[in-house]
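Each chain, letter by letter, is given below.
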Amino acid sequence: MAVCPNCGYSKLLLTPLTCDGCRRVGCERCLGVYAYTYPVPGKPPVQHRVCSWVCFDRLATYNIGRGLTLAASGGAWYIGSYQLRPEAAQRAVRIQAEHYVLAERHEDAARLYETIGM
Ligand SMILES: [Zn+2]
Ligand SMILES: [Zn+2]
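These figures come from a predicted structure and were not determined experimentally.

Rules and cut-offs
- Residues numbered from 1 in each chain as written.
- Chains lettered and ligands numbered in written order.
- Predicted model: local features only at pLDDT ≥ 70, side-chain atom pairs only at ≥ 80, totals over all residues.
- Helix = DSSP H or I, 4+ residues; strand = E, 2+ residues; numbered from the N terminus.
- Buried ≥ 20, exposed ≤ 12 C-beta atoms within 10 Å, placed from the backbone.
- Axes fitted to C-alpha atoms, helices over the stretch in contact; angles between N-to-C directions.
- Parallel < 35°, antiparallel > 145°, perpendicular 65-115°, else oblique.
- Left-handed = near helix turned anticlockwise from the far one by under 90°.
- Contact = placed C-beta atoms within 7 Å.
- Nonpolar A, V, L, I, M, F, W, Y, C, P; charged D, E, K, R; others polar.
- Pairing = 2+ DSSP bridges.
- Core = buried A, V, L, I, M, F, W, Y, C linked by C-beta atoms within 7 Å.

1. What about the overall build of the protein chain?
Then step 1. Check the secondary structure of the protein chain and you find three helices and nine strands.
Then step 2. Order of helices (α) and strands (β) in the protein chain, N terminus to C terminus: β-β-β-β-β-β-α-β-β-β-α-α.
Then step 3. Principal-axis analysis of the C-alpha atoms places the extent of the protein chain at approximately 55 × 30 × 25 Å.
Then step 4. A buried classification covers 27% of the 118 residues belonging to the protein chain.

Below is the structure:
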């Protein structure tokens, strides 16, 4: 049996996973998927996980702060090549909009808020 160092979940063949935000090692149970990438067309997507929404927010703030922007395509939101799950997308859109407000790009912020119905 392998035991998760983060939540204590034990399972045969436990795959150690890492939080993209704080690099904490956890497992499939305590780390939630927030995005997918598709490095190889036709192959299953790669899952990207965080241990909490606090970590996700920090990660999104960091990425948006270094110049990545959110883009909507085919009904999904992307940040860079990461396809965000709906709840993560909502949070990232809000962070991006706040970033625009700080940069006094109020029209861009308003447009973003509109897309998520705020
Ligand atoms: Zn974390
Ligand atoms: Zn765990």
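2. Brief notes about the packing of helix 2 (residues 86-102) against helix 3 (residues 106-115)
Relative placement of two packed helices is described by the angle separating their axes and the distance separating the axes.
Then step 1. For the pair helix 2 and helix 3, interaxial distance at closest approach is 8 Å and the crossing angle is 160°. Regarding the angle of helix 2 to helix 3, the classification is roughly antiparallel. Crossing angle aside, the handedness with which helix 2 passes helix 3 is left-handed. Residue-level contacts link Val93, Gln96, Ala97, Tyr100 and Val101 of helix 2 to His106, Asp108, Ala109, Leu112, Tyr113 and Thr115 of helix 3.
Then step 2. When grouped by side-chain class, the residues that make up the contact of helix 2 with helix 3 number seven nonpolar, three polar and one charged.

3. Structural notes on the pairing of strand 5 (residues 32-37)
Then step 1. Across five bridges, the pairing between strand 5 and strand 6 (residues 46-50) is antiparallel. When the sheet's bridge partners are listed, Ala35 is paired in strand 6 with His48.
Then step 2. Inspection of the sheet shows strand 5 paired to strand 9 (residues 82-84) by two bridges, in the antiparallel sense. Along strand 9, the bridge assignment pairs Ala35 with Leu84.

4. Examining the nonpolar core
Then step 1. With 26 residues, the main nonpolar core has Val50, Phe56, Leu84, Ala88, Ala92 and Val93 as its most contacted residues.
Then step 2. Elements that contribute at least two residues to this core include exactly strand 5, helix 1 (53-65), strand 8 (76-79), strand 9 and helix 2.
Then step 3. Element by element, the count of residues in this core is highest for helix 2, at seven residues.

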